[in-house]
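Here's the letter readout for the chains.
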Amino acid sequence: MNADYGAPTELAGPLQQRRALYQPRLPPCLQGATVRVEYGDATATIDPTGAHAVAQAFPRTYGQRLVTFLTPDGAAGAGKAVDERPPIRVGVVFSGRQSPGGHNVVWGLHDALKAYNPQSILYGFIGGTEGLFANKTLEITDDVLASYKNQGGFDLLGRSIDQIRSSKQVSAAMTTCQDLNLDGLVIVGGVTSNSDAAQLAETLVQKNCKTKVVGVPVSLNGDLKNQFVETTVGFDTVCKLISNVCLDAISAGKYYYFVRLMGRKASHVALECALQSHPNMLIMGEEVALSKLTLMEVINKICDGVQARAELGKHHGVLLIPEGLIESIPEMYALIQEISNLHNNNVPVTEIPTQLSPWAAALFQFLPPFIRRELLLHQESDNSAQLSQIDTEQLLAHLVEAEMIKRTKEGRYKGKKFSSVCHFFGYQARGSLPSNFDCDYAYVLGHISLHMIAAGLTGYMATVANLKDPVHKWRCAAAPLTAMMSVRRHLRGPGAIPIGKPAIHPSPIDLKGKAYELLREKASSFLLDDFYRTPGGIQFEGPGSDAKPITLTIEDQDYMGDIEMLKLYLDKVKTIVKPGCSRDTLKAAISSMISVTHVLTVMSHPLNAELPLYHFN
Ligand SMILES: O=P(O)(O)OC[C@H]1O[C@](O)(CO)[C@@H](O)[C@@H]1O
């Protein structure tokens, strides 16, 4: 056992110490020691054409019913007496990548477990899945938890490879569950970890192992999203960390900041950051893939933006990209696939460039040496490229600069020399202290996990609905992991044929969804007007402390960014229109300043009550 795990962080700074005192909120149904378990409809899968394949792969855990947790019946709402509740033995493992809030899952699980029966035991697996395979545990107690409450990182237990997949791994996990006589195993992670959790649950049922397997959606990427899961723990936190560069850019007016954000298969982090901070450009992987934009088309798009801004005398800007962008560009994807196949065939790294097809070799040679080196790195556990290690923002900045020089020489660009600074806001965001929202959400999910195990559920994920509402309105539930699965398809041939193993796949940005629609509406204003918005870093107290991801709240609520803009521009509104002016006049005045098409939403917002003189007629 590594002596450092679970050791008190004596050097904690004042903010860390204060955060450790924050008590996460619980919805009413979780405030007692027990819950009422209500069973709903049997489930199929979110992918109807893949249902048969999922049912075949998961014969014992497919089709289970949805479950909701409610306040127990009875006057006191107390549920079963403590002597009717046998102690429960649970293990918890950090399987996925670290994400702000993960520690609170353990804390919530521990508190619920001890409230259920103080004799219950919680083991944390040290070093993630490898600790699970090797049965390396740390008993989680109040003392152990003390300095990890509401703290970032996964350092309470650490993590290793996010994989419980090979038969050797599955059998090692089962042996540990049996040796520790576990009633439940809680697996904390994103799409990959929860797919593995489903497989482990199925295997344990088939082998008559009593341990129930429960998944908890923790991933900063925000791509574990479906009709049961509204968002993942950590996403809110990481999206609050980029806005300062916008103000820096506009202050000196000389740099373009190229910012790469986490998000391998989907651009949720980049989209949320854009809606939070209003950078000038956002290039999303989903858009590029849909339009099949080539690398040079992406570069030209950025250069056109730079040029349009230069015509307004602006030589600064902020551009956001997700780390997965590079894989969304068709020719880059094909190149990465070729490299991946060569890796899978154990071709030595030094020989890969010589074994590429002629067109791939040509593209590879065209790329700057640092990108070539990064593309050749060994793959992730899911066989994808190590996107966090590929400096796509530097590749874009490099090619944009070359194109701007070319345009200057050809007389097509007359602005100042293009100058860029690149950032990857990945790991630093990932290690942040979690926001209040992530602290609460994770703590609640930890509680739900215990009640799932107590109810004997296996192959389920802990879920919370109504997250956009205050905590007392959150609805606690559990959904079968198989219900979230789909099967990858061949796009060739007559009709799509399901292939491959069913899994929970990352959900891309919905290009027909409200969040994306909002971004499209604002794109030209963002590009040219520099309406940078500063949500600030994470705030634990005061006005920003309960702010939630815009992409989470947008489905049913007004877009607060516009309200804030309207507030900012109120003085200007007063110079343009007179009190009591008509609705159309006010609308035109606001439109002229904030260039939004959904001004009516702004005007019908309760903020109008704060502007009595400007109520429209
Ligand atoms: O810590 P590692 O192994 O570099 O992992 C990086 C990856 O993990 C994530 O942060 C979370 O899945 C990805 O966005 C990123 O590509």
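Just so it is clear, the model here is predicted, and its values are computed rather than measured.

As a further point, take the site of the ligand. Neighbouring residues of the ligand: Arg97, Asn221, Met262, Gly263, Arg264, Glu323, Ser388, Gln389, Tyr427 and Arg430. Between the ligand and Arg97, the relevant distance is 2.9 Å, taken from an oxygen atom to a side-chain nitrogen or oxygen of the residue. In this structure, an oxygen atom belonging to the ligand sits 2.4 Å away from a side-chain N or O atom of Glu323. Within the complex, 85% of the 400 Å² of free accessible area of the ligand lies under protein.

Looking at the protein chain as a whole, its pLDDT mean stands at 89, while 85% of the residues score no less than 70. The low-confidence segment residues 491–496 (pLDDT under 50) makes 2 contacts with residues lying over four places distant or belonging to another chain. Note that residues 594–617 has pLDDT below 50 and, in this model, 63 contacts with residues that lie over four places away or in other chains. Reported confidences for the modelled complex are a pTM of 0.88 and an ipTM of 0.97.

Inspection of every chain in the model, using the stated rule, returns 9 aromatic pairs. Ring plane angle 55 degrees and centroid distance 6.0 Å describe the contact between Tyr255 and Tyr257, whose orientation is recorded as tilted. Look at Tyr255 and you get partly exposed, because its relative accessible area is 28%. In this structure Tyr257 comes out as buried when scored by relative accessible area, which is 6%. Where Phe424 meets Tyr427, the ring centres are 5.7 Å apart and the plane angle is 85 degrees; that geometry is what we call edge-to-face. Take Phe424: its relative accessible area is 22%, and that puts it in the partly exposed class. Taken together, the aromatic side chains of Tyr256, Phe258 and Phe418 make up a single cluster linked through ring pairs. The ring of Tyr22 has Arg19 sitting right over it, with the charged end atom 4.6 Å from the ring centre. In this structure, Arg260 packs its charged tip against the face of Phe424, placed 3.8 Å from the ring centre.

Ordered by their spatial adjacency, 4 strands build an open sheet running E9-E10-E8-E11, and the pairing between neighbours is parallel. Both outer strands of the open sheet, strand E9 (281–282) and strand E11 (420–425), are each paired with one neighbouring strand and no more. Strand direction decides the pairing type here: strand E8 (residues 256–261) and strand E10 (residues 317–322), joined by 6 bridges, are parallel. If you follow Phe258 over to E10, its bridge partner there is Leu319.

This part covers the packing of helix H14 (residues 330–344) against helix H15 (residues 358–366). As a packed pair, H14 and H15 sit with axes 10 Å apart at the nearest point and diverge in direction by 110 degrees. If you check the angle between H14 and H15, you find them roughly perpendicular. Between H14 and H15, the contacting residues are Glu331, Met332, Ala334, Leu335, Glu338 and Ile339 on the first element and Trp359, Ala360, Leu363 and Phe364 on the second. Split by residue class, the contact of H14 with H15 holds 8 nonpolar, no polar and 2 charged.

Turning our attention to the nonpolar core. If you look at the biggest cluster of nonpolar residues, it comprises 90 residues, and the most contacted ones within it are Phe69, Leu156, Val186, Leu200, Tyr441, Ile448 and Met452. Top contributing element to this core by residue count: helix H19 (residues 436–454), with 10 residues. Beyond its immediate chain neighbours, meaning those up to four positions away, Met452 contacts Phe69, Val214, Leu457, Tyr460, Met461, Ala462 and Ala478. Membership of the second largest hydrophobic core comes to 46 residues, among which are Ile283, Ile299, Val347 and Phe418.

Turning next to the pattern of salt bridges. If charged atoms from side chains of opposite charge come close, those side chains can pair. By the definition in use, this model includes 24 salt bridges. The residue Asp440 makes a salt bridge to Arg25 at a minimum N-O spacing of 2.8 Å. A residue pair is termed long-range when its members are at least 10 positions apart, and Asp440 in helix H19 and Arg25 in the loop between helix H1 (14–19) and strand E1 (36–42) qualify at 415 residues. Looking at Arg25, the relative accessible area reads 33%, which means it is partly exposed. Salt-bridge contacts for Arg260 lead to Asp391; the nearest nitrogen and oxygen are separated by 3.1 Å. Here Arg260, found in strand E8, pairs with Asp391, found in the loop between helix H16 (369–375) and helix H17 (392–409); they are 131 residues apart in sequence, far enough to count as distant. Like Arg260, the residue Asp391 is buried in the burial classification. If you follow the salt bridges from partner to partner, you end up with Asp304, Glu403, Lys406, Arg407, Glu410 and Arg412 in one network.

The rules behind the values
Residues numbered from 1 in each chain as written. Predicted model: local features only at pLDDT ≥ 70, side-chain atom pairs only at ≥ 80, totals over all residues. Heavy atoms only, no water. Near = heavy atom within 4 Å. Polar contact = N/O pair within 3.5 Å; in protein donor to acceptor, adjacent residues only side chain to side chain. Areas by Shrake-Rupley, 256 points an atom, 1.4 Å probe, with all protein chains shown as cover. pLDDT = per-residue confidence, 0-100. Contact = heavy atoms within 4.5 Å. Phe/Tyr/Trp six-rings, centres within 6.5 Å; stacked < 30°, edge-to-face > 60°. Buried < 20%, exposed > 50% of the residue type's maximum accessible area, 1.4 Å probe, protein only. Lys NZ or Arg CZ within 6 Å of the ring centre and 35° of its normal. Pairing = 2+ DSSP bridges. Helix = DSSP H or I, 4+ residues; strand = E, 2+ residues; numbered from the N terminus. Axes fitted to C-alpha atoms, helices over the stretch in contact; angles between N-to-C directions. Parallel < 35°, antiparallel > 145°, perpendicular 65-115°, else oblique. Nonpolar A, V, L, I, M, F, W, Y, C, P; charged D, E, K, R; others polar. Core = buried A, V, L, I, M, F, W, Y, C linked by side-chain atoms within 4.5 Å. Salt bridge = Lys/Arg side-chain N within 4 Å of Asp/Glu carboxyl O.

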